[in-house]
Amino acid sequence: MNTTAHILVVDDEPDIRNLMKEILEDEGFRVSVAENADTARRLRREAHPDLILLDIWMPDTDGVTLLKEWHDSGLMDSAPVIMMSGHGSVETAVEATRLGAYDYIEKPVSISKLLITMKRALEMAILRRENYGLRKHALTVTEPVGNSDVMGALREQVKRINQHDTAVLITGEPGCGRTLFARYIHQNSRRQPAPFVNVRVAGMNPESQALELFGNQNSSTPSRLEQANGGTLFIKDIVDLDVAIQARLLNSLESQFFFRNGGAEPVPIDVRVIAATDYDLDEVVHNGHLREDLYYYLNIVPLHVPPLRDHYEDVPQLLEFYTNLFVNQENLPYRRFTVAAQNRLRHYNWPGNIRELKNLVQRLLILGNGLSIELTEVEPILSSHQRQSNTANTSNHTMYDLPLREAREQFERAYLEHQLQEVGGNVSKVASRVGLERTHLYRKLRALDIDPKQNKK
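Keep in mind that what you see is a predicted model, and the values were worked out from it rather than measured.

A. How the structure looks around the nonpolar core. Residues L233, I238, L290 and L298 are the most contacted members of the largest nonpolar core, which totals 31 residues. For this core, the secondary-structure elements that each account for two or more residues are β7 (196–199), α8 (206–214), β8 (232–235), α10 (243–255), β11 (272–277), α11 (281–286) and α12 (292–298). Broken down by element, this core gets its largest block of residues, 4 residues, from α10. Here L290 is in contact with I238, V239, Q246, L281, V284, V285 and Y295, once residues within four sequence places are set aside.

Structure follows, in structure tokens:
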């Protein structure tokens, strides 16, 4: 058993609390105790326990209600919960299990049974984290792909950047790989063992942005700044951050502490920030959308990621990389790009950059047949993209002249772009409006090369 684990005991009876603490510390555990739900919320947020022993009957908020709160906040994966009660029922045990409790133990607690249950719960948590880490590693592009001089120079620049621990500002067109380079910087820095926390603030109102970054004093959900403590916080849409929130963020980064919303106690942090934008920096600073002082704080070591058309020689390697990725990740059939198809794609201008290339590969693997991807299969897709960039609307007459599959794709693209514009780019709302499961909708958007962020009124 991992006896260095940190256990949180939540029980309103002092004798039971103290006895459990004494026994578990004798077994080698680190132990914190809470007498009510408010203290349990605070300790879970601040101490990050590895396992929680939670009594059901408490005076302020009962254990099942607190468990439901953690379940609804998505916190059940961070620490297993074992419920305890001297006056439980089968219905209570079933409800606790449904909400994600690992097990249910009756009082008076058998210490031998408790230790065995704790051992299994901690082992399960370790396996879950390991499996999650393996899945995440398998699905994540960990290094920029390409052997061009451009990509080689960018890798060398990242090495120079990581000789220091300052903030980084990444610029580049949409789809060029800004998030990938942010991860690459983190993975090659001294902060690599600590978390990389990705936060997107575009489309959020100021109140939601404040909650996302700074959390709430009365919530057990840690803020993004707390989650990134010791590691890296990546803010992809820094210009979309409300100006007042920008000032608050800058103050927190410079002082290395912040106040939760509704809180009066400073929360210390050690966070490196990487920010990114596709806006023209001179323009957004001039018009006040990006605070000048925050810009200077972030722009100590800038990194510009060029568009794919500036390193087109990497296209064949990128095609092969994403083909293998989708074959392994989504069990799609392997198909090989012919030399003619690769040559055509090398000379395409890629307005959507690497994201467009990735979506094209996925679309060809999903919709196509045969072992090879021929030029005749690639050309209609590129022509369709070109027509979209030349005109916002296609006449019905032109659509009637198309083959059925291409006409259907064109209609679906126009239809989904219209739906996204109606709801401000919110994919969840579109899924509800059009009657599609959200995962299926995301997949269709990728196949049709639709970026929700670019489809807002």
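The discussion continues.
B. Representation of the UniProt feature "modified residue: 4-aspartylphosphate" (unreviewed entry) in the chain. Mapped onto the present numbering, the UniProt feature "modified residue: 4-aspartylphosphate" (unreviewed entry) falls on D55. For D55, the location among the structural elements is in strand β3 (residues 51–55). In this structure, D55 is in contact with V10, D11, D12, G63, M84, S85 and K107, ignoring residues within four places of it in sequence.

C. Just the packing of α8 against α10, in detail. Closest axis-to-axis distance for the α8/α10 pair is 10 Å, and the angle between their directions is 15 degrees. In this view, α8 runs roughly parallel relative to α10, as classed from their interaxial angle. For the pair α8 and α10, the crossing hand works out as right-handed. Of the residues in α10, those in contact with P206, Q209, A210, L213 and F214 of α8 are I245, R248, L249 and S252. Its residues placed into classes, the contact of α8 with α10 shows 6 nonpolar, 2 polar and 1 charged.

D. Summary view of the packing of aromatic side chains. Counted under the stated rule, the structure contains 8 aromatic pairs. Ring centres of F411 and Y415 lie 5.8 Å apart, and the angle between their planes is 20 degrees; this geometry places the pair in the stacked category. You can see F411 and its partner Y415 sitting in helix α18 (residues 404–422), 4 residues apart, about one turn around the helix. According to the relative accessible area criterion, F411 is partly exposed, its value standing at 48%. For Y415, a relative accessible area of 33% gives the class partly exposed. Above the ring of W70, the side-chain terminus of R44 is found at 4.5 Å from the ring centroid. Positioned above the aromatic ring of F214, the side-chain terminus of R248 is 3.9 Å from the ring centre.

Cut-offs used in this document
Residues numbered from 1 in each chain as written. Predicted model: local features only at pLDDT ≥ 70, side-chain atom pairs only at ≥ 80, totals over all residues. Heavy atoms only, no water. Core = buried A, V, L, I, M, F, W, Y, C linked by side-chain atoms within 4.5 Å. Buried < 20%, exposed > 50% of the residue type's maximum accessible area, 1.4 Å probe, protein only. Helix = DSSP H or I, 4+ residues; strand = E, 2+ residues; numbered from the N terminus. Contact = heavy atoms within 4.5 Å. UniProt positions renumbered as here; feature names shortened; annotations may be inferred. Axes fitted to C-alpha atoms, helices over the stretch in contact; angles between N-to-C directions. Parallel < 35°, antiparallel > 145°, perpendicular 65-115°, else oblique. Left-handed = near helix turned anticlockwise from the far one by under 90°. Nonpolar A, V, L, I, M, F, W, Y, C, P; charged D, E, K, R; others polar. Phe/Tyr/Trp six-rings, centres within 6.5 Å; stacked < 30°, edge-to-face > 60°. Lys NZ or Arg CZ within 6 Å of the ring centre and 35° of its normal.

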